[in-house]
Amino acid sequence: MNFDKELNARNLSCPLPIVKTKKALNDMTSNQVLKVISTDSGSVKDMAAFAEQTGNTLLGQEEANGEFVFYMKKK
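I will try to describe carefully the structure that is included in this document.

Cut-offs used in this document
- Residues numbered from 1 in each chain as written.
- Predicted model: local features only at pLDDT ≥ 70, side-chain atom pairs only at ≥ 80, totals over all residues.
- Heavy atoms only, no water.
- Core = buried A, V, L, I, M, F, W, Y, C linked by side-chain atoms within 4.5 Å.
- Buried < 20%, exposed > 50% of the residue type's maximum accessible area, 1.4 Å probe, protein only.
- Contact = heavy atoms within 4.5 Å.
- Helix = DSSP H or I, 4+ residues; strand = E, 2+ residues; numbered from the N terminus.
- Expected span 1.5 Å × (residues − 1).
- Arc of directions from axis to C-beta.

### Observations regarding the nonpolar core
(1) Moving on: Counting 14 residues, the largest nonpolar core has Leu 25, Leu 34, Val 36, Met 47, Phe 50, Phe 70 and Met 72 as the members making the most contacts within it.
(2) Moving on: Once residues lying within four places of it in the same chain are set aside, the contact partners of Phe 70 are Leu 34, Lys 35, Val 36, Ser 38, Ser 43, Val 44, Met 47, Leu 58, Gly 60 and Gln 61.

Written out as structure tokens, the structure is:
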């Protein structure tokens, strides 16, 4: 998937992946896509809830080798 910016949230535990995602999205323009890489399994639920609460779109997510990758489109 194409993305405009990548955020490395590896080895950060809740709530830091969400806090850093929010900050990264604030620096982006509408319709840009942020790729977030996290190693916190709690991020799966957190990213979905964050997208719903903020109106941003979670375009997709995948898991590979203990890492969780999310694609978030800024509203």
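The structure having been displayed, the exposition proceeds.
### What about the environment of Met 72?
(1) Moving on: One can find Met 72 in strand β4 (residues 67-73).
(2) Moving on: Judged by its relative accessible area of 1%, Met 72 falls in the buried class.
(3) Moving on: Put simply, Met 72 and Phe 50 are 22 residues apart on the chain and 10.0 Å apart in space, counted from C-alpha to C-alpha.
(4) Moving on: Excluding residues within four positions of it along the chain, Met 72 makes contact with Leu 25, Gln 32, Val 33, Leu 34, Met 47, Phe 50, Ala 51, Asn 56, Thr 57 and Leu 58.

### Focus on helix α2 (residues 43-54)
(1) Moving on: End to end, α2 covers 16 Å across 12 residues, agreeing with the expected 16 Å (1.5 Å per residue, within 8%).
(2) Moving on: Considered for burial, the residues of α2 that qualify are Ser 43, Met 47, Phe 50 and Ala 51. For α2, the angular spread of the buried residues around the axis is 95°, confining them to a single face. Exposed side of α2, more than 90 degrees from the buried face: Lys 45, Glu 52 and Gln 53 are the residues found there.
(3) Moving on: Buried positions along α2 lie against α1 (16-26), β2 (33-38), β3 (57-64) and β4.

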